[in-house]
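Chains, contacts and geometry: an overview
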Amino acid sequence: MKPAETILQDTATETFAGLERVLSRHRIGLKTREIGTVVEVASGIARVVGFTDVKDQELIRFPGELYGIAAGLDTRSVGVILLGASTGLRIGEDAAR
């Protein structure tokens, strides 16, 4: 017969291995994103404030599956060339990078 300590260790090892198998199938990949606010929309260009580290030519997502490319970078705002019709885009809406 195995000593109680060995039985306890084996049980703990089996339990944690089982938990690890279950967790590995249910892990959720987290993605970070930064949200800005549209402050201007005109002629296929949107101006967005609130991004702290946007890069030139970075893809920006707007509501309604509208996307744009970051272009005119400024310390306070970024110009975004819209890749679709801007008719539904409104001032005050969110933009995500």
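The sections below set out a description of the structure shown in this document. (Residues numbered from 1 in each chain as written. Predicted model: local features only at pLDDT ≥ 70, side-chain atom pairs only at ≥ 80, totals over all residues. Heavy atoms only, no water.)

1. A short note on the nonpolar core
Core analysis: the largest hydrophobic core is formed by 14 residues, its most contacted members being Val 48, Ile 60 and Phe 62. Looking at this core, the elements that each hand over two or more residues are β2 (45-49), β3 (59-62), β4 (66-73) and β5 (77-82). The element contributing the most residues to this core is β5, with 3 residues. Setting aside residues up to four positions removed in sequence, Val 48 forms contacts with Gly 36, Thr 37, Val 38, Val 39, Phe 62, Ser 77, Val 78, Val 80 and Ala 95. (Core = buried A, V, L, I, M, F, W, Y, C linked by side-chain atoms within 4.5 Å. Buried < 20%, exposed > 50% of the residue type's maximum accessible area, 1.4 Å probe, protein only. Helix = DSSP H or I, 4+ residues; strand = E, 2+ residues; numbered from the N terminus. Contact = heavy atoms within 4.5 Å.)

2. Looking at the pattern of salt bridges
Scanning the entire structure with this criterion turns up 5 salt bridges. Of the charged contacts in the structure, one is a salt bridge between Asp 53 and Lys 55, with a shortest N-O distance of 2.8 Å. The shortest N-O distance in the salt bridge between Arg 97 and Glu 58 comes to 2.9 Å. Placement of the pair is Arg 97 in the segment after β6 (94-96) and Glu 58 in the loop between β2 and β3, with a sequence separation of 39 residues. Look at Arg 97 and you get partly exposed, because its relative accessible area is 26%. The exposure class assigned to Glu 58 is buried, which follows from its relative accessible area of 18%. Several salt bridges share partner residues, and in doing so they unite Glu 34, Glu 58 and Arg 97 into one network. (Salt bridge = Lys/Arg side-chain N within 4 Å of Asp/Glu carboxyl O.)

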